[in-house]
Amino acid sequence: MKKIFFKITAFATGIMAAFTLLSCNDSDNNMMDNSLQRTITFENIVTPKDFVESGSFQGTGAVPVILPGQSVSITFSAGKAQALMFATMYGASKDWFFASQQPGIKLFDTSGKAITGDVSSSVVLWDNGTKDNTGQAESKPIAQVPNVNASQLMKLNLNYNEMISEFTLTITNTSGGTANETPFSPGVWAVSNYNGSQLLNSVPFFTPNSLSNPEITDIAQMGNIDKMKAKLSTNTGIMTGLSPALVVIYRGDKNPVYELGKMDNGMGLKEIAQFGNVSKLQNSLKSFPGIKGIYVAGNAPVPPGNKVMTSFRADPGDKITYVTMFGFSNDWFYANETDIDATIKGDLSSKTALFDSGTGVDQYPGAGNHQALFGGTPQSETMVISKVGTQYPVPAVQNVIKVTVN
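Cut-offs applied
Residues numbered from 1 in each chain as written. Predicted model: local features only at pLDDT ≥ 70, side-chain atom pairs only at ≥ 80, totals over all residues. Heavy atoms only, no water. Helix = DSSP H or I, 4+ residues; strand = E, 2+ residues; numbered from the N terminus. Buried < 20%, exposed > 50% of the residue type's maximum accessible area, 1.4 Å probe, protein only. Contact = heavy atoms within 4.5 Å. Areas by Shrake-Rupley, 256 points an atom, 1.4 Å probe, with all protein chains shown as cover. Lys, Arg positive; Asp, Glu negative; His and termini not counted. Charge placed at Lys NZ, Arg CZ, Asp CG, Glu CD. Polar contact = N/O pair within 3.5 Å; in protein donor to acceptor, adjacent residues only side chain to side chain. Phe/Tyr/Trp six-rings, centres within 6.5 Å; stacked < 30°, edge-to-face > 60°. Salt bridge = Lys/Arg side-chain N within 4 Å of Asp/Glu carboxyl O. Pairing = 2+ DSSP bridges. Axes fitted to C-alpha atoms, helices over the stretch in contact; angles between N-to-C directions. Left-handed = near helix turned anticlockwise from the far one by under 90°. Nonpolar A, V, L, I, M, F, W, Y, C, P; charged D, E, K, R; others polar.

### Description of the overall build of the chain
Of regular secondary structure, the chain possesses five helices and 21 strands. Expressed as a percentage of its 406 residues, the buried residues of the chain come to 55%. The long-range share in the chain, meaning contacts at least 24 apart out of those at least 6 apart in sequence, stands at 75%. Roughly 16,800 Å² of accessible area belongs to the chain as shown, and the carbon and sulfur atoms make up 48% of that amount. Computing the positive centroid from 29 side-chain charges and the negative centroid from 32, the chain places the two 4 Å apart.

### Digging into the side chain of Gln102
Looking at the element boundaries, Gln102 is found in the loop between strand E5 (96–100) and strand E6 (105–106). Side-chain polar atoms of Gln102 contact the backbone oxygen of Pro204, separated by 3.2 Å. Of note is the side chain of Gln102, whose polar atom sits 2.4 Å from the backbone oxygen of Phe206. Not counting the four nearest positions on each side in its chain, Gln102 is found in contact with Met85, Ser202, Val203, Pro204, Phe206, Thr207 and Pro208.

### Some remarks on the packing of aromatic side chains
Counting across every chain of the model gives 21 aromatic pairs. Arranged with centres 5.4 Å apart and planes meeting at 20°, the rings of Phe333 and Phe355 form a pair that is stacked. Within this pair, whereas Phe333 is found in strand E17 (residues 332–336), its partner Phe355 is found in strand E19 (residues 352–356), the two being separated by 22 residues in sequence. One aromatic cluster is present, formed by Phe76, Phe108, Tyr160, Phe167 and Trp189 through successive ring pairs.

### Thoughts on the pattern of salt bridges
Pairs can form between side chains of opposite charge whenever their charged atoms are close. The tally for this structure, following the rule as stated, stands at twelve salt bridges. As a salt-bridge pair, Lys292 and Asp318 come within 3.1 Å of each other at their nearest N and O atoms. Of the two residues, Lys292 sits in strand E14 (residues 291–297) while Asp318 sits in the loop between strand E15 (307–314) and strand E16 (319–325), which places them 26 residues apart along the sequence. For the pair formed by Lys292 and Asp318, the shared burial category is buried. Where salt bridges share partners, they join Arg251, Lys292, Asp315 and Asp318 into one cluster.

### Overview of the sheet that holds strand E1 (residues 36–44)
Note: strands within a sheet are paired through backbone hydrogen bonds, in either parallel or antiparallel orientation. The sheet built from four strands is open, its strands ordered E15-E1-E21-E18 with antiparallel pairing. Two strands close off the open sheet at either side, each with one partner strand: E15 and strand E18 (346–347). Of the strand pairs in this sheet, E1 and strand E21 (residues 401–405) are connected by five bridges, and their pairing is antiparallel. The residue of E21 that forms the bridge with Thr41 is Thr404.

### Topic: the packing of helix H2 (residues 214–222) against helix H3 (residues 226–234)
Their axes nearest at 7 Å, the elements H2 and H3 cross at an angle of 145°. Between H2 and H3 lies a crossing of left-handed hand. Across from Pro214, Glu215, Ile216, Asp218 and Ile219 in H2, the residues of H3 making contact are Lys227, Met228 and Lys231. Along the lines of polarity and charge, the residues of the contact of H2 with H3 split into four nonpolar, no polar and four charged.

### Structural notes on the pairing of E16
Among the seven residues of E16, seven are classified as buried, and the element is accordingly described as predominantly covered. Residues of E16 alternate between two faces, with Lys319, Thr321, Val323 and Met325 on one and Ile320, Tyr322 and Thr324 on the opposite face, all of them buried. Looking at chain direction, E16 and E17 are connected through three bridges and run antiparallel. Bridged to Val323 within E17 is Ala335.

### As for the pairing of strand E11 (residues 166–173)
The buried fraction of E11 amounts to six of the eight residues, a majority that puts the element mostly inside the structure. Bridge analysis of strand E3 (residues 71–77) against E11 gives seven bridges, and the strand direction is antiparallel. Across the sheet, the residue bridging to Phe76 is Phe167, located in E11. Sheet analysis places strand E10 (residues 154–161) next to E11, joined by eight bridges and oriented antiparallel. Across the sheet, the residue bridging to Tyr160 is Phe167, located in E11. What sits between E10 and E11 in their antiparallel hairpin is a turn of four residues, with Ser165 showing a positive phi close to 55°.

Quick look at the structure:
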């Protein structure tokens, strides 16, 4: 995958203003002479992939084609900046295939409302340019097939579940009885990852007016999706930005940031987990018993390949805790799972876990319209703080965030 310069504009409107309060130490005047100075670093090491979700579809009969009159449905998640790309062979041809215009079927209107109902006008019939009408090899750019209305051959219908930001696309073969009656081959689909300002792949599968590639050629000529499925699988995965991290030095047995199995206490963890805003918790902890120091690493969202750090002071017997938002979520955060001696050095990544604050309804990470990534606000829920489970294929903690103290 070509190198991508990851640009995150903001997790939500107003976040940047909140981050202007960063990088402070509320207890420099209280440090004892034997205090130790350390630096804690938070590095986003997730590998960005072109697509957040992808998959395939096929007919349900003994032969997996979609015959005239038959339908097939696919379900996927998306936020308002994202689109759905799909491709399937026009079976009664040498090298034609159905797909939408780039970057895919538009899923939300300009106001952010989901588009539902008949979206057949989004489909286009393409000539792959690798075979002529007699089946002889040729080398021409991919171009639209002239004088054929693809929307008369294929009906596309979208349904939307707002709570979980999930779409269902139903593809129906309506070519029966037309001059272009044809079966559809098995097909592939994908939703491009979005980084806060742009899609990571704005021309998925193929580039119009350019020569084709082996993956789309196999679909267009033979209805074989194996190569494209393999390519999509390699280039599909959840990624995330991180928020600036709040770092707290404290004494006592109670972690001042969160308590597993307890409800959010309203001190500001929700604002970090939903929007990456550390200021409320930062201010709330100033009067919390046992707090020795409060620090913030970073002053903007942290994209993959970037890191933030802050220095802090600690005495023997002090503990350290930290928290940063899993940016492409509704209400998730990374924090240390166990108590940590604030004077130690080394890699703390193995002590870090991903938690659900229980304050917002979960949606597919990086593809949920109520996520701050898309300028949304999570739908409220009231659940206890818990570790994030396996509902979504989230990368292992150690493949997303690296926390070290030196």
